[in-house]
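# Observations on the model geometry
Each chain, written out:
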Amino acid sequence: MCNRFFVSIYIFLKFLYNKLKDGPWPKDQETPAEKTIGAEKSMVKQLVHDPMFLAQKSLPATKEDAQVITDLLDTLNANLDTCVGMAANMIGVKKNIIVVSFGFAKMVMVNARIIRKKGPYRTEESCASLLGGPRQAIRYGEIEVEYEDADFQKKRETFIGWTAQIIQHELDHVEGKLI
Ligand SMILES: [Zn+2]
């Protein structure tokens, strides 16, 4: 979830960039990111903006998806000026993995699901993956979440306020809900 002003400009530029990049131009130059595909190294990924892809529900993640966690953290870190959270399908992987930023610290949640929620309120949110916005959303002030951490250890925790809101936004992505 992101700062709506900067993210609008960012999304627009990124959209233009992707359009031009995929156009009928000769592709003799690979970007450094493309060169590392398939390697064990982590890397910053392009954000997916295709609503048809983002509308699909993600599958449960397993330990074999550990690389996705690293890539997602790297991509969030590269977009911290506009983003406070990210879901794996935003980098093209339909697995239930989200990351949330608390400034310097980042939290990884694998196979997260909200098991309790209370205190609904209406708010507006923008999204780095979707053009336009901000959009209306109903969020809950307090949520209890069951998830696995980056080491796939099961956890159950209660979150409130801004952190709870980010988690709810990212878990909507996991469900294929376009915010
Ligand atoms: Zn979003």
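Here we summarise the structure given alongside this text. (Residues numbered from 1 in each chain as written. Predicted model: local features only at pLDDT ≥ 70, side-chain atom pairs only at ≥ 80, totals over all residues.)

## Looking at the environment of K106
- Mapped onto the fold, K106 is located in strand β3 (residues 105–125).
- Residues K106 and V84, 22 residues apart in the sequence, show an inter-C-alpha distance of 9.3 Å. (Helix = DSSP H or I, 4+ residues; strand = E, 2+ residues; numbered from the N terminus.)

## Describing the sheet that holds strand β4 (residues 135–148)
- Taken in spatial order, the five strands make up an open sheet running β1-β2-β3-β4-β5, and their pairing is antiparallel. Two strands lie at the open edges of the sheet, namely β1 (85–87) and β5 (154–160), each paired on one side alone. Across the sheet, the mean angle from the axis of one strand to that of its neighbour is 40 degrees, orientation sign disregarded.
- One ladder, built from three bridges, connects β1 with strand β2 (residues 97–102); its direction is antiparallel. Each bridged residue has a counterpart across the sheet, and for A87 the counterpart in β2 is I98.
- This element, helix α4 (residues 66–78), spans β1, β2 and β3 of the sheet and lies at about 35 degrees to β2. (Pairing = 2+ DSSP bridges. Axes fitted to C-alpha atoms, helices over the stretch in contact; angles between N-to-C directions. Contact = placed C-beta atoms within 7 Å.)

## Here we look at unusual backbone geometry
- Cis geometry marks the peptide bond from G133 to P134; its omega dihedral reads 5 degrees.
- Unlike most non-glycine residues, N111 shows phi in positive territory, near 50 degrees.
- On the secondary structure map, N111 appears in strand β3.
- Notably, F152 is not glycine yet its phi reads approximately 65 degrees, a positive angle.
- Its place among the elements puts F152 in the loop between β4 and β5.
- Residue class for F152 comes out partly exposed when judged on the 15 C-beta atoms lying within 10 Å of it. (Buried ≥ 20, exposed ≤ 12 C-beta atoms within 10 Å, placed from the backbone.)

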